Amino acid sequence: MKSVNTAKTALIIIDVQDGFFHPTHWGPSRSTPDFEKNVTLLLKAAREHNEKQGEGTEEASNTVAICHVHHHSTEQNSPLRPGAKVEINGKLIEGSQPQSFAQPQQGEPLFIKHVHSSFVGTGLETYLKDRGVRQLVLIGLTTDHCVNTTTRFANNLGVVSATSLNGELDEGDIVVASDACAAWSKGGFDAETVHKVHLASLKGEFAQVEKTQDILRIVFG
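Note that the structure is predicted; figures quoted are calculated from it, not measured.

The rules behind each value
Residues numbered from 1 in each chain as written. Predicted model: local features only at pLDDT ≥ 70, side-chain atom pairs only at ≥ 80, totals over all residues. Heavy atoms only, no water. Helix = DSSP H or I, 4+ residues; strand = E, 2+ residues; numbered from the N terminus. Expected span 1.5 Å × (residues − 1). Buried < 20%, exposed > 50% of the residue type's maximum accessible area, 1.4 Å probe, protein only. Contact = heavy atoms within 4.5 Å. Pairing = 2+ DSSP bridges. Right-handed = clockwise from strand over helix to strand, strands pointing away. Salt bridge = Lys/Arg side-chain N within 4 Å of Asp/Glu carboxyl O. Polar contact = N/O pair within 3.5 Å; in protein donor to acceptor, adjacent residues only side chain to side chain. Core = buried A, V, L, I, M, F, W, Y, C linked by side-chain atoms within 4.5 Å.

Enquirer: Before we go on, may I ask you to explain helix H1 (residues 35-53) in this structure?
Expert: Three- or four-residue spacings in an α-helix give side chains the same orientation, since the helix completes a turn every 3.6 residues. Between its first and last C-alpha atoms H1 spans 28 Å; for 19 residues at 1.5 Å apiece the expected length is 27 Å, and the two agree. Within H1 the residues assigned to the buried category are Phe 35, Asn 38, Val 39, Leu 42, Leu 43, Ala 45, Ala 46, Arg 47, His 49 and Asn 50. Along its buried surface, H1 packs onto strand S1 (9-14), strand S2 (65-71), strand S6 (135-141), strand S9 (173-182) and helix H5 (212-218). Immediately beyond the C-terminal end of H1, within one or two residues, lies Gly 54, with a positive phi of roughly 70°.

Enquirer: Whenever I open this one, the pairing of S9 confuses me. Can you help?
Expert: Sheet faces and side chains relate simply in a regular strand, where the side chains alternate between the two faces. For S9, the tally of buried residues reaches 10 of 10 residues, placing the bulk of the element in the interior. Of the pairings in the sheet, the one linking S6 to S9 comprises six bridges and is parallel in character. Paired with Gly 140 across the bridge in S9 is Cys 181. Alignment of S9 against strand S10 (residues 208-210), held across three bridges, turns out to be parallel. Note that in S10 the partner of Val 176 across the bridge is Val 209. In terms of handedness, the path from S9 via helix H4 (residues 191-202) over to S10 forms a crossover that is right-handed.

Enquirer: Help me understand the pattern of salt bridges in this model?
Expert: A side chain with one charge can pair with a side chain of the opposite charge if their charged atoms come near. By the definition in use, this model includes 10 salt bridges. Note that Arg 30 is salt-bridged to Glu 36, the shortest N-O span being 2.7 Å. Between Lys 186 and Asp 144 there is a salt bridge, with the nearest N and O atoms lying 2.8 Å from each other. Of the two residues, Lys 186 sits in the loop between S9 and H4 while Asp 144 sits in helix H3 (residues 143-157), which places them 42 residues apart along the sequence. We classify Lys 186 as partly exposed; its relative accessible area is 32%.

Enquirer: What am I meant to see in the environment of Asp 173 here?
Expert: Following the sequence through the fold, Asp 173 ends up in strand S9. Along the sequence, Asp 173 and Gln 208 sit 35 residues apart, while their C-alpha atoms lie 7.6 Å from each other. Beyond its immediate chain neighbours, meaning those up to four positions away, Asp 173 contacts Met 1, Lys 2, Arg 134, Gln 135, Leu 136, Val 160 and Gln 208. A polar contact of 2.5 Å, which involves the side chain of Asp 173, links it to the side chain of Lys 2.

Enquirer: What am I meant to see in H3 here?
Expert: Along its 15 residues, H3 runs 20 Å from first to last C-alpha, staying within 8% of the 21 Å computed at 1.5 Å per residue. When we look at burial in H3, the residues that qualify are Thr 143, Asp 144, Cys 146, Val 147, Asn 148, Thr 150, Thr 151 and Ala 154. Where H3 is buried, its residues meet S1, S2, strand S5 (110-113), S6, S9 and H4. Gly 158 lies just past H3 and shows a positive phi near 65°.

Enquirer: Which parts of the structure should I look at to understand the nonpolar core?
Expert: If you look at soluble globular proteins, the nonpolar side chains tend to sit buried side by side. Ranked by internal contacts, the top residues of the largest apolar core, which has 28 residues, are Leu 11, Leu 42, Ile 139, Ile 215 and Phe 220. Secondary-structure elements contributing two or more residues to this core are S1, H1, S6, S9 and H5. When residues in this core are grouped by element, the largest group, six residues, is from H1. Residues contacting Leu 11, with those up to four places away along its chain left out, are Leu 42, Leu 43, Ala 46, Val 64, Ala 65, Ile 66, Cys 67, Val 137 and Ile 139. Of all hydrophobic cores here, the second largest spans 27 residues; its members include Ile 12, Ala 154, Val 176 and Leu 199.

This is the structure:
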(Lines give C-alpha, C1' and ligand atoms only; values in the text may rest on other atoms or scores of the structure.)
Protein backbone atom coordinates (compact mmCIF):
# COMPACT_ATOMS: atom_id res chain seq x y z
CA MET A 1 0.00 0.00 0.00
CA LYS A 2 1.05 3.57 -0.63
CA SER A 3 -0.15 6.94 0.53
CA VAL A 4 -2.53 8.84 -1.73
CA ASN A 5 0.15 11.55 -1.69
CA THR A 6 2.60 9.29 -3.54
CA ALA A 7 0.35 7.08 -5.72
CA LYS A 8 -2.69 8.13 -7.74
CA THR A 9 -5.43 6.10 -6.08
CA ALA A 10 -8.94 4.95 -6.97
CA LEU A 11 -11.54 3.72 -4.49
CA ILE A 12 -13.81 1.20 -6.25
CA ILE A 13 -17.18 0.58 -4.54
CA ILE A 14 -18.69 -2.59 -6.01
CA ASP A 15 -22.40 -3.49 -5.99
CA VAL A 16 -23.44 -1.90 -2.69
CA GLN A 17 -27.08 -2.04 -3.76
CA ASP A 18 -30.48 -2.46 -2.14
CA GLY A 19 -31.04 -5.85 -3.79
CA PHE A 20 -28.75 -7.37 -1.16
CA PHE A 21 -31.44 -6.69 1.45
CA HIS A 22 -33.48 -9.55 -0.05
CA PRO A 23 -34.17 -11.87 2.91
CA THR A 24 -33.57 -15.22 1.20
CA HIS A 25 -32.00 -14.84 -2.26
CA TRP A 26 -28.34 -14.64 -1.24
CA GLY A 27 -28.24 -17.03 1.70
CA PRO A 28 -29.30 -17.36 5.32
CA SER A 29 -26.49 -15.27 6.83
CA ARG A 30 -23.85 -12.68 5.89
CA SER A 31 -20.27 -12.17 7.00
CA THR A 32 -18.55 -8.98 8.15
CA PRO A 33 -20.81 -7.28 10.72
CA ASP A 34 -18.84 -4.02 10.34
CA PHE A 35 -19.16 -3.95 6.55
CA GLU A 36 -21.42 -0.88 6.42
CA LYS A 37 -19.32 1.04 8.96
CA ASN A 38 -16.08 0.34 7.13
CA VAL A 39 -17.40 1.24 3.68
CA THR A 40 -18.65 4.50 5.20
CA LEU A 41 -15.26 5.20 6.77
CA LEU A 42 -13.33 4.61 3.54
CA LEU A 43 -15.73 6.72 1.48
CA LYS A 44 -15.51 9.50 4.06
CA ALA A 45 -11.71 9.42 4.05
CA ALA A 46 -11.52 9.59 0.25
CA ARG A 47 -14.02 12.43 0.04
CA GLU A 48 -12.32 14.41 2.80
CA HIS A 49 -8.97 13.98 1.06
CA ASN A 50 -10.46 15.29 -2.18
CA GLU A 51 -11.98 18.29 -0.43
CA LYS A 52 -8.53 19.21 0.90
CA GLN A 53 -7.02 19.18 -2.60
CA GLY A 54 -8.97 22.26 -3.61
CA GLU A 55 -9.28 23.26 -7.23
CA GLY A 56 -7.63 21.55 -10.19
CA THR A 57 -8.57 19.00 -12.79
CA GLU A 58 -9.06 15.43 -11.66
CA GLU A 59 -6.31 14.23 -14.00
CA ALA A 60 -3.70 16.70 -12.74
CA SER A 61 -4.55 16.86 -9.07
CA ASN A 62 -3.84 14.36 -6.32
CA THR A 63 -7.51 13.53 -5.83
CA VAL A 64 -8.79 10.01 -5.27
CA ALA A 65 -10.91 8.67 -8.13
CA ILE A 66 -14.06 7.48 -6.35
CA CYS A 67 -15.76 5.02 -8.72
CA HIS A 68 -19.08 3.29 -8.09
CA VAL A 69 -19.95 0.04 -9.89
CA HIS A 70 -23.49 -1.30 -9.94
CA HIS A 71 -24.69 -4.67 -11.16
CA HIS A 72 -27.74 -4.69 -13.42
CA SER A 73 -28.55 -8.36 -13.66
CA THR A 74 -30.08 -9.89 -16.78
CA GLU A 75 -31.48 -12.82 -14.76
CA GLN A 76 -35.24 -12.66 -14.34
CA ASN A 77 -35.28 -13.67 -10.65
CA SER A 78 -32.37 -11.50 -9.49
CA PRO A 79 -33.04 -8.73 -6.93
CA LEU A 80 -30.40 -6.72 -8.86
CA ARG A 81 -32.38 -6.76 -12.10
CA PRO A 82 -33.54 -3.23 -12.98
CA GLY A 83 -37.18 -2.96 -11.97
CA ALA A 84 -37.01 -5.76 -9.42
CA LYS A 85 -38.28 -4.78 -5.96
CA VAL A 86 -37.18 -5.70 -2.46
CA GLU A 87 -38.93 -4.83 0.79
CA ILE A 88 -37.03 -2.60 3.21
CA ASN A 89 -38.75 -1.42 6.40
CA GLY A 90 -42.15 -2.16 4.92
CA LYS A 91 -41.47 -0.30 1.68
CA LEU A 92 -40.83 -1.73 -1.77
CA ILE A 93 -37.52 -0.41 -3.13
CA GLU A 94 -35.86 -1.03 -6.48
CA GLY A 95 -33.06 -3.50 -5.80
CA SER A 96 -30.63 -2.08 -8.36
CA GLN A 97 -30.42 1.23 -6.48
CA PRO A 98 -27.45 2.01 -4.17
CA GLN A 99 -27.71 1.49 -0.45
CA SER A 100 -28.13 4.76 1.43
CA PHE A 101 -24.60 4.94 2.89
CA ALA A 102 -22.98 4.35 -0.52
CA GLN A 103 -24.85 6.84 -2.67
CA PRO A 104 -22.66 8.32 -5.42
CA GLN A 105 -22.04 12.02 -4.98
CA GLN A 106 -21.61 14.65 -7.66
CA GLY A 107 -18.47 14.04 -9.68
CA GLU A 108 -18.21 10.35 -8.71
CA PRO A 109 -18.75 8.24 -11.84
CA LEU A 110 -21.08 5.27 -11.90
CA PHE A 111 -20.26 2.25 -14.07
CA ILE A 112 -22.98 -0.28 -14.88
CA LYS A 113 -22.01 -3.93 -15.37
CA HIS A 114 -23.96 -7.06 -16.30
CA VAL A 115 -21.36 -9.71 -15.36
CA HIS A 116 -19.14 -10.34 -12.35
CA SER A 117 -16.15 -8.27 -13.48
CA SER A 118 -16.27 -4.49 -13.16
CA PHE A 119 -13.99 -4.30 -16.20
CA VAL A 120 -16.21 -6.04 -18.76
CA GLY A 121 -18.26 -3.67 -20.90
CA THR A 122 -18.03 -0.73 -18.49
CA GLY A 123 -15.20 1.58 -19.57
CA LEU A 124 -13.75 1.48 -16.05
CA GLU A 125 -10.33 0.26 -17.18
CA THR A 126 -9.98 3.11 -19.67
CA TYR A 127 -11.21 5.63 -17.11
CA LEU A 128 -8.55 4.56 -14.59
CA LYS A 129 -5.71 4.39 -17.09
CA ASP A 130 -6.56 7.78 -18.57
CA ARG A 131 -6.16 9.27 -15.09
CA GLY A 132 -2.87 7.54 -14.36
CA VAL A 133 -4.25 5.51 -11.45
CA ARG A 134 -1.51 3.35 -9.90
CA GLN A 135 -3.36 2.01 -6.84
CA LEU A 136 -6.82 0.50 -6.38
CA VAL A 137 -8.70 0.08 -3.11
CA LEU A 138 -11.55 -2.38 -3.68
CA ILE A 139 -14.60 -2.66 -1.41
CA GLY A 140 -18.16 -3.94 -1.72
CA LEU A 141 -20.26 -7.02 -2.46
CA THR A 142 -19.76 -9.86 -2.65
CA THR A 143 -16.36 -11.15 -1.60
CA ASP A 144 -16.70 -14.43 -3.47
CA HIS A 145 -18.34 -13.12 -6.64
CA CYS A 146 -17.91 -9.59 -7.99
CA VAL A 147 -15.19 -8.34 -5.63
CA ASN A 148 -13.18 -11.50 -6.26
CA THR A 149 -13.64 -11.41 -10.04
CA THR A 150 -12.93 -7.68 -10.30
CA THR A 151 -9.72 -8.09 -8.29
CA ARG A 152 -8.47 -10.90 -10.50
CA PHE A 153 -9.29 -8.95 -13.67
CA ALA A 154 -7.53 -5.85 -12.33
CA ASN A 155 -4.41 -7.93 -11.77
CA ASN A 156 -4.52 -9.90 -15.02
CA LEU A 157 -5.27 -6.83 -17.15
CA GLY A 158 -2.51 -4.82 -15.51
CA VAL A 159 -4.94 -1.99 -14.82
CA VAL A 160 -2.53 -0.13 -12.54
CA SER A 161 0.72 -1.33 -14.13
CA ALA A 162 3.22 0.97 -15.80
CA THR A 163 6.52 0.50 -17.60
CA SER A 164 9.36 2.89 -16.86
CA LEU A 165 11.58 4.51 -19.52
CA ASN A 166 14.23 1.84 -18.93
CA GLY A 167 11.69 -0.92 -19.53
CA GLU A 168 11.07 -1.98 -15.93
CA LEU A 169 7.51 -3.01 -15.05
CA ASP A 170 5.87 -1.56 -11.94
CA GLU A 171 2.69 -3.52 -11.27
CA GLY A 172 1.20 -0.86 -8.99
CA ASP A 173 -0.93 -1.72 -5.97
CA ILE A 174 -4.26 -3.54 -5.75
CA VAL A 175 -5.69 -3.51 -2.24
CA VAL A 176 -8.81 -5.34 -1.06
CA ALA A 177 -10.28 -4.07 2.20
CA SER A 178 -11.08 -7.36 3.91
CA ASP A 179 -13.57 -5.93 6.40
CA ALA A 180 -15.27 -3.67 3.83
CA CYS A 181 -16.40 -6.68 1.77
CA ALA A 182 -18.93 -9.36 2.67
CA ALA A 183 -20.19 -12.76 1.57
CA TRP A 184 -23.19 -14.98 2.30
CA SER A 185 -23.22 -18.56 3.51
CA LYS A 186 -23.52 -21.18 0.77
CA GLY A 187 -22.74 -24.77 -0.10
CA GLY A 188 -22.88 -25.83 3.53
CA PHE A 189 -20.22 -23.31 4.55
CA ASP A 190 -20.91 -20.44 6.94
CA ALA A 191 -20.59 -16.89 5.66
CA GLU A 192 -17.34 -16.06 7.45
CA THR A 193 -15.68 -19.16 6.02
CA VAL A 194 -16.78 -18.28 2.48
CA HIS A 195 -15.51 -14.73 3.00
CA LYS A 196 -12.15 -15.70 4.47
CA VAL A 197 -11.36 -18.46 1.96
CA HIS A 198 -11.93 -16.16 -0.99
CA LEU A 199 -9.81 -13.43 0.54
CA ALA A 200 -7.07 -15.99 1.16
CA SER A 201 -7.13 -16.98 -2.51
CA LEU A 202 -6.55 -13.33 -3.51
CA LYS A 203 -3.89 -12.44 -0.94
CA GLY A 204 -0.40 -12.21 -2.36
CA GLU A 205 -1.31 -13.69 -5.74
CA PHE A 206 -3.71 -11.03 -7.00
CA ALA A 207 -3.85 -8.31 -4.36
CA GLN A 208 -2.89 -7.06 -0.94
CA VAL A 209 -5.63 -7.88 1.57
CA GLU A 210 -5.73 -5.32 4.35
CA LYS A 211 -7.95 -4.10 7.20
CA THR A 212 -9.86 -0.83 6.91
CA GLN A 213 -8.00 0.77 9.82
CA ASP A 214 -4.64 0.03 8.19
CA ILE A 215 -5.85 1.47 4.88
CA LEU A 216 -7.07 4.60 6.65
CA ARG A 217 -3.70 4.97 8.37
CA ILE A 218 -1.37 4.21 5.46
CA VAL A 219 -3.33 5.29 2.38
CA PHE A 220 -5.41 8.17 3.69
CA GLY A 221 -3.46 9.15 6.83
